[in-house]
Amino acid sequence: MHIQTLILGAGAAGMMAAAHAGPGVVIIDHAKAPGEKIRISGGGRCNFTNMGTTHAQFLSQNPHFAKSALKRYTQWDFINLVSDYGIAWHEKTLGQLFCDETAKDIVAMLRSEMDKADAQLWLNTGISNIAHDGTHFAATLTRDGRDTQITATNLVVATGGKSIPKMGATGLAYQIADHFGLDVITPRPGLVPLTFSDDKFKPLAGVATPARVTANGTSFDEALLFTHRGLSGPAILQASSYWHEGDPITVNVIPAADLFDKLRGARETSGKKALTNILSMHLPARLIDFLKDDMNLTGNIADQSDARLQAICDALSAWPLLPSGSEGYRTAEVTLGGVNTDGLSSKTMEAKSIPGLYFIGEAVDVTGWLGGYNFQWAWSSGWAAGQAIRSTPT
Ligand SMILES: Cc1cc2nc3c(=O)[nH]c(=O)nc-3n(C[C@H](O)[C@H](O)[C@H](O)COP(=O)(O)OP(=O)(O)OC[C@H]3O[C@@H](n4cnc5c(N)ncnc54)[C@H](O)[C@@H]3O)c2cc1C
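Here goes a summary of the coordinates provided.

Each value, and the rule that gives it
Residues numbered from 1 in each chain as written. Predicted model: local features only at pLDDT ≥ 70, side-chain atom pairs only at ≥ 80, totals over all residues. Heavy atoms only, no water. Axes fitted to C-alpha atoms, helices over the stretch in contact; angles between N-to-C directions. Helix = DSSP H or I, 4+ residues; strand = E, 2+ residues; numbered from the N terminus. Parallel < 35°, antiparallel > 145°, perpendicular 65-115°, else oblique. Left-handed = near helix turned anticlockwise from the far one by under 90°. Contact = heavy atoms within 4.5 Å. Nonpolar A, V, L, I, M, F, W, Y, C, P; charged D, E, K, R; others polar. Near = heavy atom within 4 Å. Polar contact = N/O pair within 3.5 Å; in protein donor to acceptor, adjacent residues only side chain to side chain. Areas by Shrake-Rupley, 256 points an atom, 1.4 Å probe, with all protein chains shown as cover. Buried < 20%, exposed > 50% of the residue type's maximum accessible area, 1.4 Å probe, protein only. Pairing = 2+ DSSP bridges.

## Focus on the packing of helix α1 (residues 12-20) against helix α5 (residues 104-116)
- Contact pair α1 / α5: the axes reach a minimum separation of 8 Å and the direction vectors enclose 30°. As judged from the angle between their axes, α1 and α5 are roughly parallel. Two packed elements cross with a definite hand, and for α1 against α5 that hand is left-handed. Contacts between α1 and α5 involve M15, M16, A18 and A19 on the former and, on the latter, V107, L110, E113 and M114.
- Its residues assigned to classes, the contact of α1 with α5 comprises seven nonpolar, no polar and one charged.

Structure representation (structure tokens):
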């Protein structure tokens, strides 16, 4: 069987590409349903884009690579598509857009777009033996246990990264890149909770507080959550993408800078109250209890000099911590690294060395912050590849 375009992976990027790549598309996935990560994303409501998307919210060895695709298929294009389908949405926070009802509406919308384009979706289908003879790709597909030989003019690799193997993530994209001589930046888990081998935060499990978390010079002001095994919450997930094994992080648990003035004020009005009680009015009491010995938080507020209050604020705003690891691919929302963008066209996502071979979505070394950016990259890169294929003369 010969087709125009074979797309591997019916996730966010693959479905978008299938809807735009023109006639003769077969899109395969080894899962029994398409878009499974979309379905479970955003707590079942899918944070499908971010109104503030620019290339600046993405990590990549080439920070400029994402610019072209993001500019040509923007968050507003996707918002228009969602609105055309009558899917109601709302902004939750920081420009993050979610479905009002269910993430399944986004999957159904993409399926409908694929149907309009006559793309064939083959589920429960695996792939082996990919080759390229200079003009065509030849592959063996195993569908419901039966082998089918297929040749295609274009091969689009949209099998994502390694995050959440339980949901079918395999790292196949990296093997295919390697097979065709493309460089792969070593993948690692991103947007992932950080762990501490001594379980030091166990007594604080469940405590959440606003924080500024800094890893390797990049800071995020969002919620911090203590867990049985370490630290989580959006501030940590964001910082984790900038963190490497062995690096320290800095946690500021008083990101609103006025604690010093508040403590001085309390010294005037409530001098007989314990310092820990006053601090517990501004920070979770369990956190103050946890820190009180290390930080020597003794005495009444009236006993504290300005210098002492300043020292307490300094310590609370620059708490140095050394994570021992991360929760890994088991829970990571994304995979950092991937197919090196040096080998790809930023306009079309096509491999420079093999015409007709495309890599899109999370498989590529472009990883967004938390907040809808990763789906926007999937939509934009999928659209860019689809458009390029559709406009290539056959
Ligand atoms: C729990 C969770 C919540 C998330 N929430 C959000 C969110 O709200 N907003 C946001 O922007 N991002 C979110 N993300 C990230 C987002 O889901 C991904 O960045 C995005 O799905 C990547 O799209 P993709 O198409 O490149 O890969 P995927 O969506 O992972 O799709 C890859 C597809 O390839 C298939 N596949 C893999 N290997 C093979 C193989 N060997 N053979 C055949 N098929 C294969 C998989 O079954 C899958 O269907 C979340 C991620 C997780 C894990």
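## Digging into unusual backbone geometry
- If you check the backbone angles, I164 has positive phi at about 60° while not being a glycine.
- Following the sequence through the fold, I164 ends up in the loop between β10 (146-157) and α6 (172-179).

## A closer look at the site of the ligand
- In the vicinity of the ligand there are 28 residues, among which A13, D29, T170, E362 and F375 approach most closely.
- Between the ligand and A12 there is a distance of 3.1 Å, counted from an oxygen atom to a backbone nitrogen or oxygen.
- Within the backbone of A13, an N or O atom sits 2.8 Å from an oxygen atom of the ligand.
- About the coverage of the ligand: the protein hides 91% of its 1000 Å² of free accessible area.
- Elements represented by at least two residues in the shell around the ligand include exactly α1, α2 (36-44) and α12 (373-390).

## Topic: the pairing of strand β13 (residues 208-215)
- Because side chains alternate across β13, one face comprises the buried residues T209, A211, V213 and A215, and the other comprises A208, P210, R212 and T214, none of which is buried.
- What sits between β13 and strand β14 (residues 218-226) in their antiparallel hairpin is a turn of two residues, with N216 showing a positive phi close to 50°.
- Strand direction decides the pairing type here: β13 and strand β16 (residues 249-252), joined by four bridges, are antiparallel. Within β16, the residue paired with R212 across the bridge is N252.

## Digging into the environment of P284
- With respect to the helices, strands and loops of the structure, P284 is situated in the loop between α9 (275-280) and α10 (285-291).
- Ignoring sequence-local partners within four residues, the contact set of P284 consists of V207, A208 and T209.

## A short note on the sheet that holds strand β18 (residues 325-326)
- Taken together, seven strands build an open sheet; the order of strands is β17-β16-β13-β14-β15-β12-β18 and the sheet is antiparallel. Two strands bound the open sheet, and with one partner strand each, they are β17 (319-321) and β18.
- Two elements, strand β12 (residues 194-195) and β18, share two bridges in a ladder whose sense is antiparallel. Note on β18: the bridge partner recorded for L194 is S326.

Keep in mind these values describe shape, not function.
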